[in-house]
Amino acid sequence: MSFKSNYSNSQIGYARMSQITPEKRNAKSQCRCGGKTVFFRAYNGESLCANCFNDSIFDKVKKTISKYDMLHYRDKLGVAISGGKDSTSLLYILSHVMKGHGSELFALTIDEGIEGYREESLKNAETLCKDLQIPLLVCSYNEFFGFSLDQALEERTKRSIKATSCAFCGPLRRRSIDFAAEKLGVNVVATAHNLDDVLQTFYINLYSGDAERIRWLDPSYRTAQSEFRLRRIKPVMEIYEEELAFFAYLNKLPFQSESCPYMNEGIRTEIRLHLNELERKHPGMKYSTLKTILTISSSMAVDETTRKKVTSCEVCGSVSTGSVCSVCKTLKLVS
Ligand SMILES: [Zn+2]
Ligand SMILES: [Zn+2]
């Protein structure tokens with residue numbers, strides 16, 4: 001395989017943070033197999049060589065897929081990739097663990113229309129898919145909604161609408177993935193939400209009083225609801241973001257070196273920094289928080305007394321928790 005490396009200094013610095021450093025007191029210089037340690041997993045004290053690190057990631061993803069019954073024989077799976085480190089790693093991991101599984105693998109990518117940002121990630125997505133021999137479908141907001149994200153956010157500013165960029169983009173992105181999946185004819189879509197993403201989403205919903213969305217964090221929820229035609233799975237939801245970044249770096253995967261220019265507007269960044277600080281002081285804290293979140297969301301999912309009926313959006317007919325879905329609300333703001 002011939003991936004061209006195109007890392008910025010900050011990315012290499014970020015990946016190296018995960019590598020063994022002298023202050024990581026319990027790290028050993030040798031992996032249990034005798035190889036040279038490249039990664040120290042603070043939460044369980046493992047010192048891992050490159051091969052054992054990769055194998056541990058493959059094993060963990062396989063376990064997550066099987067624990068939550070994410071994939072079935074003959075599924076047609078679309079992997080949503082953005083060109084960033086998480087989705088790039090996800091596609092590579094799935095292409096490895098699904099060998100001989102009997103499912104078909106496709107990639108889909110959504111061009112939101114962010115000038116000067118998307119071009120690099122689209123190129124990376126194409127390179128990766130070509131190398132892995134996975135068919136790629138590229139769709140855009142323009143194609144589905146008739147405007148780019150840049151244009152939508154310009155309208156937001158003009159009309160002084162109080163909503164963060166992510167609040168605008170999120171629903172449109174999810175709906176675009178649904179449309180692209182339909183176009184591809186896949187019945188399952190995998191997204192690269194990692195352990196850190198799940199934790200951040202939980203806290204955002206907790207702080208904003210949105211208990212219904214906490215229920216949605218249960219990996220079995222969508223499978224149990226017949227209203228959802230498309231099964232959405234998160235095969236790397238039990239992997240730390242830091243480990244996915246290191247995986248991409250270690251395997252020299254081509255990924256986007258810049259973050260989205262509209263990032264940092266939401267509370268997500270604050271929560272992320274806070275959780276990273278806690279994890280640094282108390283290794284394993286993120287992992288145990290995930291376990292608690294999954295216990296809460298799964299008990300909500302089966303508790304009929306608190307079950308709020310999922311309805312259809314009166315504008316577009318999609319599954320919605322209110323009378324109008326979040327996509328139609330967003331579209332109305334900019335139309
Ligand atoms: Zn080893
Ligand atoms: Zn709608």
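Scroll up to find the structure this text is about.
Thresholds, definitions, all that
Residues numbered from 1 in each chain as written. Chains lettered and ligands numbered in written order. Predicted model: local features only at pLDDT ≥ 70, side-chain atom pairs only at ≥ 80, totals over all residues. Helix = DSSP H or I, 4+ residues; strand = E, 2+ residues; numbered from the N terminus. Buried ≥ 20, exposed ≤ 12 C-beta atoms within 10 Å, placed from the backbone. Contact = placed C-beta atoms within 7 Å. Arc of directions from axis to C-beta. Pairing = 2+ DSSP bridges. Axes fitted to C-alpha atoms, helices over the stretch in contact; angles between N-to-C directions. Expected span 1.5 Å × (residues − 1). Right-handed = clockwise from strand over helix to strand, strands pointing away. Parallel < 35°, antiparallel > 145°, perpendicular 65-115°, else oblique. Left-handed = near helix turned anticlockwise from the far one by under 90°. Nonpolar A, V, L, I, M, F, W, Y, C, P; charged D, E, K, R; others polar.

**Points about the overall build of the protein chain**
Part 1 of the reasoning: Within the protein chain one finds 14 helices and 9 strands.
Part 2 of the reasoning: Residues classed as buried in the protein chain amount to 32% of the 335 residues present.
Part 3 of the reasoning: For the protein chain, restricting intrachain contacts to residue pairs at least 6 apart in sequence, the fraction spanning at least 24 positions comes to 71%.

**Notes on helix α6 (residues 149-158)**
Part 1 of the reasoning: Those residues of α6 that fall on the buried side of the exposure criterion are Leu149, Ala152 and Leu153. Taken end-on, α6 shows its buried residues confined to a sector of 95 degrees, consistent with a single buried face.
Part 2 of the reasoning: Looking at the buried positions of α6, the neighbouring elements they touch are α5 (141-145), α7 (165-184) and α14 (326-334).
Part 3 of the reasoning: At the C-terminal side of α6, Ser160 shows a positive phi close to 50 degrees.

**Looking at the sheet that holds strand β4 (residues 104-111)**
Part 1 of the reasoning: Within the open sheet, the 5 strands sit side by side as β5-β4-β3-β6-β7. Their pairing is parallel. Among the strands making up the open sheet, the edge pair consists of β5 (136-140) and β7 (231-233). Taken pair by pair, the neighbouring strands of this sheet meet at an average axis angle of 25 degrees, ignoring direction.
Part 2 of the reasoning: Sheet topology places strand β6 (residues 188-190) next to β7; 3 bridges connect them, and they run parallel. The residue bridging Val189 from the neighbouring strand is Arg232, located in β7.
Part 3 of the reasoning: Most of the contacts of α7 go to β4, to which it runs at about 140 degrees, and overall it touches β3 (76-80), β4, β5 and β6.

**As for the environment of Ile267**
Part 1 of the reasoning: The topology assignment puts Ile267 in the loop between α11 (241-250) and α12 (268-281).
Part 2 of the reasoning: Overall, Ile267 belongs to the partly exposed group, with 14 C-beta atoms counted inside 10 Å.
Part 3 of the reasoning: Residues Ile267 and Ile204 lie 63 residues apart in sequence; the distance between their C-alpha atoms is 7.4 Å.
Part 4 of the reasoning: Look past the residues within four positions of Ile267 in its chain and what remains in contact with it is Ile204 and Tyr207.

**Some thoughts on helix α2 (residues 50-67)**
Part 1 of the reasoning: Between its terminal C-alpha atoms α2 stretches 26 Å, which fits the 26 Å expected from 18 residues at 1.5 Å a residue.
Part 2 of the reasoning: Among the residues of α2, Phe53, Ile57 and Val61 are the ones counted as buried. Considered in projection along α2, the buried side chains sweep an arc of 70 degrees and stay on one side of the axis. Projecting away from the buried face of α2 at angles above 90 degrees are the exposed residues Asn51, Asp59, Lys63, Ser66 and Lys67.
Part 3 of the reasoning: Immediately downstream of α2, the backbone of Asp69 shows phi near 50 degrees, a positive value.

**Regarding the pairing of β5**
Part 1 of the reasoning: Two strands pair when backbone bridges link them, and β4 and β5 are joined in this way by 5 bridges, in the parallel orientation. In the strand pairing of β5, Ala107 is matched with Leu136.
Part 2 of the reasoning: The handedness of the β4 to β5 crossover, carried by helix α4 (residues 118-132), is right-handed.

**Examining the packing of α7 against α14**
Part 1 of the reasoning: At their nearest, the axes of α7 and α14 sit 9 Å apart, and the two run at 125 degrees to each other. Here α7 is positioned oblique relative to α14, judged by the angle of their axes. The two elements α7 and α14 meet at a crossing, and its hand is left-handed. The segment α7 lies against α14, with Phe168, Pro171, Leu172 and Arg175 engaging Ser326, Val327 and Thr330.
Part 2 of the reasoning: Residues of the contact of α7 with α14, tallied by class, amount to 4 nonpolar, 2 polar and 1 charged.

**Looking at the environment of Gly185**
Part 1 of the reasoning: Looking at where Gly185 falls in the secondary structure, it is placed in the loop between α7 and β6.
Part 2 of the reasoning: Judged by the 10 C-beta atoms lying within 10 Å of it, Gly185 falls in the exposed class.
Part 3 of the reasoning: Measuring from C-alpha to C-alpha, the distance between Gly185 and Leu77 comes to 9.2 Å, with 108 residues separating the pair along the chain.

**Concerning the packing of helix α3 (residues 85-97) against α11**
Part 1 of the reasoning: Taken N-terminus to C-terminus, the directions of α3 and α11 make an angle of 70 degrees; their axes are 9 Å apart at the nearest point. Relative to α11, α3 is oriented roughly perpendicular. Both α3 and α11 take part in a crossing whose hand is left-handed. The segment α3 lies against α11, with Lys85, Asp86, Thr88 and Ser89 engaging Leu244, Ala245, Phe247 and Ala248.

**A look at unusual backbone geometry**
Part 1 of the reasoning: Of note, the phi angle at Asp69 is positive, near 50 degrees, even though the residue is not glycine.
Part 2 of the reasoning: Residue placement: Asp69 occurs in the loop between α2 and β3.
Part 3 of the reasoning: Even without glycine at this site, Lys252 takes up a positive phi of about 50 degrees.
Part 4 of the reasoning: Among the structural elements, Lys252 can be located in the loop between α11 and α12.
Part 5 of the reasoning: Overall, Lys252 belongs to the partly exposed group, with 14 C-beta atoms counted inside 10 Å.

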